[in-house]
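For reference, the chains in residue letters:
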Amino acid sequence: MAAKADSILVTEGVSIRFGGLLALAGISLVMRPATITAIIGPNGAGKTTLFNCITGFYRPTEGRIIFRPDGRDVVLNRLPIHKIAQLGVARTYQNIRLFGQMSVLENLLVAQHHFVNHRLISGIFQTRSFRKSEAEAVEQAWFWLEFMGMEQLANQDAGTLPYGQQRRLEVARAMASRPRLICLDEPAAGLNLQESEELNQLILKLREEHGVSVLLIEHHMGVVMSISDHVVVLDHGEVISDGTTEQVQQDERVIKAYLGEEDAEELQSVTKGAG
Amino acid sequence: MYILGQQLINGLILGSIYGLIAIGYTMVYGIIGMINFAHGEIYMISAYLFAIFLALAGVFGIDSLPVALLFTLAFTIIITGLYGFTVERMAYRPLRGSTRLAPLISAIGMSLVLQNFVQLAQGANDQALPPLYHGVLRLGGEEDFVQITHIQIIIVAATVISMAILTYVINNTALGRACRATQQDRTMANLLGINTDWTISLVFVIGASMASVAGVLITFNFGSFNFFIGFVAGIKAFTAAVLGGIGSLPGAMLGGILLGLSESLFAGFVNTDYKDVFAFALLVTVLTFRPTGLLGRPEVEKI
Amino acid sequence: MNIPAALKDSAVASLIALALFVPMIGLVLKGQSLNIQLLRALFVVAAVFAGRMLISMLLQSGLLGRLVEVIRKVLVYLSPVVGLVERRSFRFIGLLLVVLVAVPFLPGSSNYLIQILSLTLVYVILATGLNIVVGLAGLLDLGFVAFFATGAYGYAMLAQYAGLSFWAAIPLTAGIAAAMGCLLGLPVLRMHGDYLAIVTLGFGEIIRILLVNMIDITGGPNGISVPRPTLFGLGFTRRLEEGQLGFHEFFGLPYSASHRYIFIYLLILAFTVAAIWIFKRLREMPIGRAWEALREDEIACKALGINHTTTKLSAFTLGATFGGVGGVFFAAMEGFINPSSFTFVESAIILSIVVLGGMGSIVGVILAAMGITLLPELFREFENYRMLVFGLAMVFIMIWRPGGLLKVRRKTFARGGHGG
Ligand SMILES: Nc1ncnc2c1ncn2[C@@H]1O[C@H](COP(=O)(O)OP(=O)(O)O)[C@@H](O)[C@H]1O
Ligand SMILES: [Mg+2]
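Residues numbered from 1 in each chain as written. Chains lettered and ligands numbered in written order. Predicted model: local features only at pLDDT ≥ 70, side-chain atom pairs only at ≥ 80, totals over all residues. Heavy atoms only, no water.

Looking now at the overall build of chain C. Counting its regular elements, chain C contains 18 helices and 6 strands. If you line up chain C on its principal axes, its C-alpha atoms span 80 × 65 × 45 Å. When contacts within chain C are restricted to residue pairs at least 6 apart in sequence, long-range pairs at least 24 apart make up 72% of them. Split by element, the accessible area of chain C, about 18,100 Å² in all, is 68% carbon and sulfur. Where the 31 positive side-chain charges of chain C centre and where its 20 negative ones centre are 10 Å apart. (Helix = DSSP H or I, 4+ residues; strand = E, 2+ residues; numbered from the N terminus. Contact = heavy atoms within 4.5 Å. Areas by Shrake-Rupley, 256 points an atom, 1.4 Å probe, with all protein chains shown as cover. Lys, Arg positive; Asp, Glu negative; His and termini not counted. Charge placed at Lys NZ, Arg CZ, Asp CG, Glu CD.)

Okay, structure coming up:
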């Protein structure tokens with residue numbers, strides 16, 4: 001498929017059904033490497049469900065999810081969650097899921113589990129190679145803490161951090177697992193304006209400095225329009241619009257989905273009247 | 001054929017007892033999410049209370065057996081309920097909202113307390129009650145027959161009646177509504193003016209009462225008991241509750257009867273010594289295929 | 001002070017106590033009649049009234065809060081031991097180790113004391129194993145006694161039927177226990193919290209039932225005797241086997257049974273130190289972090305590429321190995337075992353040590369193990385009340401410190417250097 005040639009993630013007609021509810025109805029999209037793709041849509045549109053399909057928590061009833069970390073196609077549909085993660089897909093959650101009683105730095109060490117030497121005997125006897133691998137992991141952890149500007153919190157329990165810092169730590173933890181694709185589920189939810197602005201800058205920096213592809217669920221339109229390369233709009237489990245920020249902004253279906261049928265007509269008549 | 005019938009009846013009786021005790025586990029679990037490890041001891045206490053009150057009725061010169069039984073039953077249920085209430089007040093309520101393991105340890109401690117309390121107060125010997133009632137129903141011929149004692153019939157009837165009353169209370173009364181609301185969302189129920197503390201106490205009292213019905217019935221049937229019977233009965237009933245799907249009332253009864261039947265059939269046709277092994281193996285098998293039990297709602301964690 | 005309110009509370013409490021205790025304590029079943037001992041019951045009720053009154057007064061005057069605070073302060077700051085424990089746990093362990101090594105050679109020592117201390121150490125090994133499963137991995141295991149039994153009976157039977165020595169039996173039995181841990185782990189992988197609890201409890205019961213009923217192999221309820229361990233082939237028994245050299249003969253000492261007690265004790269002490277050391281390492285290793293992460297959030301754990309199946313199984317397997325080793329030592333120190341040492345109460349005691357000590361904490365577990373085995377010894381005159389008091393203590397400690405005695409100190413990391 002030509003469209004796939006330069007892509008990191010392709011979904012082909014992904015559908016999922018929960019009892020009577022068709023939560024995703026044939027989602028097809030193509031995501032280019034090292035871009036920020038925003039997924040927007042009203043509550044209950046199926047955004048988180050799509051993330052859950054990509055990261056392996058849900059099995060799509062139909063369709064294929066193809067991940068292309070290094071030019072080779074990997075179909076994710078049937079892989080267990082941890083295998084998908086090991087291929088280079090990381091995520092954050094709409095409701096924060098940190099390891100609350102572990103320290104901030106330990107959270108970042110856990111994320112590197114499959115990169116470090118985790119053999120039992122090496123660890124118990126603390127062999128040279130083990131110590132080296134641990135030191136590297138700790139170094140990486142510090143790197144991400146610095147990146148997020150939270151070095152001074154390294155030894156605090158993650159669960160005791162203020163909300164905004166927890167959100168950041170979740171992103172840092174996802175990045176520490178060295179992903180090719182990172183899925184951020186409403187990372188700015190509950191943040192104040194300034195915190196949210198800082199986080200956006202960090203997300204941009206992630207893509208620029210680390211070449212990671214970002215799939216972002218975000219409600220704040222200003223943010224979406226300013227940092228995304230590509231926007232996909234979901235409603236009732238369907239893609240209703242897909243394109244650049246300008247294309248999506250002008251799409252009538254999007255306006256309708258967001259404002260409701262009547263409001264949209266009203267808006268149009270108002271604009272017409274005004275124009 | 002007749003052996004099968006006999007074992008089915010024995011299993012049904014045993015299962016009813018397990019089911020009645022399992023109600024207490026399942027209701028408490030449903031409402032505060034803890035395993036009330038001391039529940040088996042509550043059942044054991046009720047067996048003692050029954051014997052004590054029955055003897056007391058003798059002391060007071062109540063001669064008519066039905067009157068004595070009624071008097072005994074009422075007092076046993078009330079005092080056992082009070083034990084359930086007190087246990088919750090002392091050992092669990094101070095731990096509400098703490099870690100998941102703290103109440104469990106407290107409950108294990110409480111279970112040791114109750115066991116040793118009864119042992120100290122009443123002695124370690126096996127207690128025996130004289131057979132109160134002898135009636136037997138025989139189905140079949142001279143040689144092959146199924147034997148049902150009248151007491152067994154009473155057990156099944158009492159179980160059905162208790163279940164019916166409980167179902168009615170839970171589904172149709174204000175008390176039951178408060179229970180269900182507290183189970184679904186304690187904070188919300190509290191905001192809506194339900195006294196959730198009292199509701200939780202009530203659940204403990206109901207659970208203890210059901211266990212006391214079981215304790216009375218089993219003592220009535222077998223006549224012998226000691227301070228240690230709570231442990232095995234507790235484990236079995238807890239197994240039954242989990243088998244049926246913990247948190248579900250019909251599940252507790254179903255689990256109890258299933259467990260009773262399989263135990264009794266295994267004991268009758270295969271081996272008595274290993275019937276408990278079979279019971280646990282059954283539990284593991286069911287949970288392997290249905291991790292939340294037969295009638296339990298599958299846990300869906302929202303991601 | 002509001003005395004009427006206090007009186008009212010106490011009156012309610014004693015009314016309840018009256019209803020609870022008059023039938024249970026006051027009317028004692030004696031065959032089919034009653035032995036009426038109302039005075040006894042009333043005495044308890046009066047005690048409840050007085051106790052409740054006291055608590056009310058203390059609460060009202062704010063004295064209780066202050067009292068608790070003072071006790072806490074005394075424990076934490078004034079007592080050098082506890083203060084030391086909270087701040088410098090490994091120095092504390094070092095000090096404790098010196099004392100423990102010295103104990104058998106001190107004047108007041110006796111075989112009895114050595115035996116009790118050996119038992120305490122066995123509990124430390126067991127609790128350390130369970131601490132992996134419950135404290136680190138957060139898997140509620142109510143049947144840990146199964147592995148303890150596997151270890152003890154494994155050694156006894158390997159010695160009896162295969163003629164294996166104590167030293168050969170240790171690794172082999174540990175391996176068998178590990179396999180059992182894995183076996184238990186498999187079906188429970190998909191189960192959560194309390195479902196896990198009942199299945200593990202059932203597993204423990206199954207093992208006990210097998211031990212009781214497989215009379216031909218295990219000796220059933222009568223138990224099985226266990227050979228005494230040897231030191232490089234030197235025996236410690238009075239009547240030695242054919243061709244065996246006795247420890248006392250080799251060193252030209254008069255025979256004394258205490259040699260054996262001391263030998264086994266020091267052996268267990270060495271293994272306890274090893275167990276604690278391994279646990280400490282595990283806690284700071286990738287696998288230990290993965291266990292804790294799994295306990296904290298299984299979903300996030302999987303999505304970071306951690307295989308939850310192998311991680312859980314490894315916790316069960318390693319925990320079981322510790323349990324098995326503890327069992328071997330128990331059998332060796334007792335010389336004779338029977339199924340009554342492997343009941344659910346044992347699982348409950350081991351779990352209490354872990355939870356009372358503070359889950360995941362090393363020093364907490366050592367202190368709790370000592371408390372649970374040594375304190376009852378101090379109250380031997382009250383033999384009958386021991387388990388009652390033990391149960392009450394469990395309840396009170398949980399209410400007082402639901403998180404256990406000690407909080408785990410996490411490893412801290414310093415920038416640029418290595419963690420310390
Ligand atoms: N595990 C599930 N079982 C049943 N319904 C689900 C499940 N997960 C999601 N849904 C339903 O799918 C729809 C989409 O939900 P979601 O993806 O969370 O929406 P959002 O776009 O707000 O993230 C909702 O109607 C939700 O109730
Ligand atoms: Mg969502």
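Below, the discussion takes up the interface of chain C and chain A. Taken together, the 33 residues of chain C in the interface contact 42 residues of chain A. Carbon and sulfur atoms make up 63% of the area that chain C and chain A hide from each other, which totals about 3,300 Å². On the surface where chain C and chain A come into contact, there are 11 residue pairs in polar contact (both at pLDDT 80 or more). For the side of chain C that touches chain A, the secondary structure elements donating two or more residues are helix 12 (257-283), helix 13 (286-296) and helix 14 (298-302) of chain C. Sort the elements by how many residues they give to the side of chain C that touches chain A and helix 13 of chain C lands first, with 8 residues. (Buried area = accessible area lost by both parts, 1.4 Å probe. Polar contact = N/O pair within 3.5 Å; in protein donor to acceptor, adjacent residues only side chain to side chain.)

Before going further, it helps to spend a moment on helix 9 (residues 193-213) of chain C. For helix 9 of chain C, built from 21 residues, the straight-helix expectation of 30 Å at 1.5 Å per residue is met to within 8% by its first-to-last C-alpha distance of 31 Å. The buried fraction of helix 9 of chain C is high, at 16 of 21 residues. (Expected span 1.5 Å × (residues − 1). Buried < 20%, exposed > 50% of the residue type's maximum accessible area, 1.4 Å probe, protein only.)

Counting from both sides, the interface comprises 55 residues of chain C and, opposite them, 67 residues of chain B. Carbon and sulfur atoms supply 79% of the area buried between chain C and chain B, which totals about 5,400 Å² over both sides. Contact with chain B buries surface across chain C, with M24, L29 and Y195 of chain C losing the most and accounting together for 16% of the total. Between the two partners, chain C and chain B, sit 0 salt bridges. (Salt bridge = Lys/Arg side-chain N within 4 Å of Asp/Glu carboxyl O.)

Residues and elements named next belong to chain A. One open sheet accounts for 4 strands, arranged 2-1-4-5; its pairing is antiparallel. With partners counted over all chains shown, the strands left at the sheet margins are strand 2 (21-31) and strand 5 (74-75), one partner each. Across 2 bridges, the pairing between strand 4 (residues 62-67) and strand 5 is antiparallel. Across the sheet, residue F67 finds its bridge partner in strand 5, namely V74. (Pairing = 2+ DSSP bridges.)

With that settled, consider the coordination of the magnesium ion (ligand 2). All names here are of chain A. Within the first shell, the magnesium ion (ligand 2) binds the protein through T48 (OG1) and Q94 (OE1), at distances of 2.0 to 2.2 Å. Taken together, the residues span a long stretch of sequence, with T48 in helix 1 (residues 47-54) and Q94 in the loop between strand 6 (89-91) and helix 3 (104-111) at a distance of 46 residues. Residue classification places Q94 among the partly exposed residues on the basis of a relative accessible area of 27%. (Donors = N, O, S within 2.8 Å, 3.2 Å for Na, K, Ca; no water.)

Our focus in this paragraph is the sheet that holds strand 8 (residues 213-217) of chain A. Residue and element names in this part refer to chain A. Taken in spatial order, the 6 strands make up an open sheet running 6-7-8-3-9-10, and their pairing is mixed. Edge positions in the sheet fall to strand 6 and strand 10 (238-243), since each of these pairs with one other strand and no more. Put simply, the sheet's adjacent strands are angled 20 degrees from each other on average, direction ignored. Bridging between strand 3 (residues 36-40) and strand 8 involves 4 bridges; their strand directions are parallel. Looking across to strand 8, one finds that T37 is bridged to L215. Where helix 6 (residues 163-176) meets the sheet, it contacts strand 6 and strand 7 (181-185), and its direction lies at approximately 160 degrees from that of strand 7. Across the face of the sheet, helix 7 (residues 193-210) comes into contact with strand 3, strand 7 and strand 8 while running at roughly 140 degrees to strand 3. (Axes fitted to C-alpha atoms, helices over the stretch in contact; angles between N-to-C directions.)

We now examine the pattern of salt bridges. Enumeration according to the criterion identifies 25 salt bridges over all chains in this entry. With its nearest N and O atoms 3.0 Å apart, the salt bridge here joins R295 of chain C to E296 of chain C. Residue classification places R295 of chain C among the partly exposed positions, given a relative accessible area of 24%. Here E296 of chain C falls in the partly exposed class, since its relative accessible area comes to 22%. In this structure, a network of salt bridges that share partners links the residues E106 of chain A together with E292, R295, E296 and R410 of chain C.

In this section: the domain arrangement of chain A. All names here are of chain A. Here chain A is described as being made up of domain 1 (9-88 + 179-274) and domain 2 (103-174). Distance from the C-alpha centre of domain 1 to the C-alpha centre of domain 2: 29 Å. Every contact between the two is made by 18 residues of domain 1 and, on the other side, 11 residues of domain 2. Buried surface at the junction of domain 1 and domain 2, summed over both partners, amounts to about 1,200 Å²; 71% is from carbon and sulfur atoms. The largest share of the area that domain 1 buries against domain 2 comes from L202, L206 and H210, three residues that together contribute 31% of it. Run the count over domain 1 and domain 2 and you get 1 salt bridge. A salt bridge links E198 to R168; the shortest N-O distance between them is 2.6 Å. Joining domain 1 to domain 2, the criterion identifies 3 residue pairs in polar contact (both at pLDDT 80 or more). Listing elements by their share of the side of domain 1 that touches domain 2, those giving two or more residues are strand 7 and helix 7. Here the element with the most residues in the side of domain 1 that touches domain 2 is helix 7; it accounts for 8 residues. (Domains from an automatic or database assignment.)

Residue and element names in this part refer to chain B. With 5 bridges connecting them, strand 2 (residues 136-140) and strand 3 (residues 145-149) associate as antiparallel partners. Note on strand 3: the bridge partner recorded for L139 is V146. Linking strand 2 to strand 3, which pair antiparallel, is a turn of 4 residues.

The subject of this paragraph is the site of ligand 1. Around ligand 1, the neighbouring residues are F18, L21, A23, N43, G44, A45, G46, K47, T48, T49 and Y58 of chain A together with K302 of chain B. Of the chains in the model, those with residues near ligand 1 are chains A and B. In this structure, G44 of chain A approaches ligand 1 through a main-chain N or O atom, which is 2.8 Å from an oxygen atom. Backbone polar atom of K47 of chain A to an oxygen atom of ligand 1: 2.8 Å apart, as the coordinates give it. In isolation ligand 1 offers 560 Å² of accessible surface; the protein chains occlude 72% of this area. Elements that contribute at least two residues to the shell around ligand 1 include exactly strand 2 and helix 1 of chain A. Per-element accounting of the shell around ligand 1 gives the leading share, 3 residues, to helix 1 of chain A. The class makeup of the residues in the shell around ligand 1 is 5 nonpolar, 5 polar and 2 charged. (Near = heavy atom within 4 Å. Nonpolar A, V, L, I, M, F, W, Y, C, P; charged D, E, K, R; others polar.)

This part is about the packing of aromatic side chains. Aromatic ring pairs are defined here through the distance separating the ring centres and the angle between the ring planes. Counting across every chain of the model gives 28 aromatic pairs over all chains. Here F71 of chain B and F75 of chain B contribute two aromatic rings whose centre-to-centre distance is 4.9 Å and whose plane-to-plane angle is 55 degrees, an arrangement assigned as tilted. Here F71 of chain B and its partner F75 of chain B are both found in helix 3 (residues 65-92), 4 residues apart, which amounts to about one turn of the helix. Taken together, a centroid distance of 4.5 Å and an interplanar angle of 10 degrees make the contact between F266 of chain B and F278 of chain B stacked. Taken as a pair, F266 of chain B in helix 10 (residues 249-269) and F278 of chain B in helix 11 (residues 275-289) lie far apart in primary sequence, 12 residues in all. A relative accessible area of 16% means that F266 of chain B is categorised as buried. An aromatic cluster is defined as three or more aromatic residues linked by ring pairs; in this entry it consists of F37, F227, F228 and F231 of chain B together with F344 of chain C. Against the face of F115 of chain A rests R178 of chain A, its NZ or CZ located 4.0 Å from the ring centre. Its end group placed over the ring of F147 of chain A, K205 of chain A keeps NZ or CZ at 4.5 Å from the ring centre. (Phe/Tyr/Trp six-rings, centres within 6.5 Å; stacked < 30°, edge-to-face > 60°. Lys NZ or Arg CZ within 6 Å of the ring centre and 35° of its normal.)

Residues and elements named next belong to chain C. On the surface, L15, L18, I36, L38, L39 and L42 cluster together into a nonpolar patch covering about 580 Å² of accessible area. Counting residues per element, the ones that place at least two in the nonpolar patch are helix 1 (3-26) and helix 2 (38-60). In terms of residue count, the dominant contributor to the nonpolar patch is helix 2 (3 residues). Within the element layout of this structure, L42 appears in helix 2. By relative accessible area, L42 is classed as partly exposed at 42%. (Patch = residues over 30% accessible without salt bridge, like charges linked within 9 Å, V, L, I, M, F, W, Y side chains within 5 Å.)

Turning to the environment of V223 of chain A, a few remarks are in order. Residue and element names in this part refer to chain A. Residue position: V223 is located in helix 8 (residues 221-227). The exposure class of V223 is buried, given its relative accessible area of 5%. Sequence separation of V223 and A188 is 35 residues, and the distance between their C-alpha atoms is 9.6 Å. Residue contacts for V223: discarding those within four places in its chain leaves S196, N200, E218 and S228.

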